[in-house]
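# Topology and contacts: notes
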Amino acid sequence: MANARKANEPSDYLRNGGTEIVDENPNRTLAGVASGGGMIDNDGVVRISLGIMPNLIGYNLRLAQLRVFDHFRETLKNDGDPVIATITPGLFRILVLVRDNPGLNQSRLAAAVGIDRSTLVPILNKLGKLGLIERRPARNDGRAHSVHLTFEGASTVGRMEDLVDQHEEEIAQTLTKRERTQLIALLRKLG
């Protein structure tokens with residue numbers, strides 16, 4: 001459905017303090033609101049108020065995270081490698097930590113990632129089945145295991161870094177270099 005108003009031009013609803021979500025396809029459910037809720041204008045555009053949500057840091061971080069993670073997955077999927085296509089941002093983080101800290105034990109890896117060890121085990125099992133990592137008995141503690149990239153894992157992480165660089169450039173294309181640096185600094189300050 002064509003909308004006479006341009007996407008970046010505020011409507012009267014926005015000028016009056018509302019937040020507008022526009023869906024050009026009136027058959028889709030929009031943010032949990034179908035034709036039975038929200039406000040449908042004569043032009044068939046659904047508008048709902050998000051209340052205070054657009055002013056909340058967490059809400060905006062989550063929207064940005066969803067967009068970034070979706071783009072990350074698409075970028076990796078478009079590479080055509082079926083193994084790379086299965087890697088999420090969280091798995092990539094683990095692979096980089098393992099590469100940059102060879103022989104790191106599972107407990108320290110879990111702590112670095114911010115998860116408990118029992119949560120890490122199935123993740124490492126998955127990466128092992130993909131042929132990207134291997135666990136070996138730790139040198140100083142026979143009960144512990146150290147984590148290492150396989151040759152294939154090292155090669156895959158190297159290829160993925162190029163894709164992640166491309167992804168980062170594409171998601172930040174509307175930011176100046178200064179804005180990008182400032183955004184990362186502000187996110188680190190929050191985190």
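A brief look at the structure comes next. Given the structure is predicted, the values throughout are model-derived calculations rather than measurements.

Parameters and conventions
- Residues numbered from 1 in each chain as written.
- Predicted model: local features only at pLDDT ≥ 70, side-chain atom pairs only at ≥ 80, totals over all residues.
- Heavy atoms only, no water.
- Axes fitted to C-alpha atoms, helices over the stretch in contact; angles between N-to-C directions.
- Helix = DSSP H or I, 4+ residues; strand = E, 2+ residues; numbered from the N terminus.
- Parallel < 35°, antiparallel > 145°, perpendicular 65-115°, else oblique.
- Contact = heavy atoms within 4.5 Å.
- Nonpolar A, V, L, I, M, F, W, Y, C, P; charged D, E, K, R; others polar.
- Salt bridge = Lys/Arg side-chain N within 4 Å of Asp/Glu carboxyl O.
- Buried < 20%, exposed > 50% of the residue type's maximum accessible area, 1.4 Å probe, protein only.

## Quick word on the packing of helix α3 (residues 89-100) against helix α5 (residues 117-129)
Direction vectors running N to C along α3 and α5 enclose 80°, while the axes themselves pass 11 Å from each other. Taken together, α3 and α5 sit at an angle that is classed as roughly perpendicular. Together, Leu91, Ile94 and Leu95 of α3 and Leu120, Ile123, Leu124, Lys126 and Leu127 of α5 make up the contact between the two elements. By residue class, the composition of the contact of α3 with α5 is seven nonpolar, no polar and one charged.

## Some remarks on the pattern of salt bridges
Here the structure, examined in full by the defined rule, presents eight salt bridges. Residue Asp70 is joined to Arg73 by a salt bridge in which the shortest nitrogen-to-oxygen separation is 2.7 Å. Separated by three residues within a single helix, Asp70 and Arg73 lie in helix α2 (residues 57-77), roughly one turn from each other. Here Asp70 falls in the partly exposed class, since its relative accessible area comes to 43%. The partner of Arg99 in a salt bridge is Glu161, with the nearest N and O atoms 3.0 Å apart. In this pair, Arg99 is assigned in helix α3 and Glu161 in helix α6 (residues 151-171), connecting sequence segments 62 residues apart. Glu161 gets classed as partly exposed once you look at its relative accessible area, which sits at 28%.

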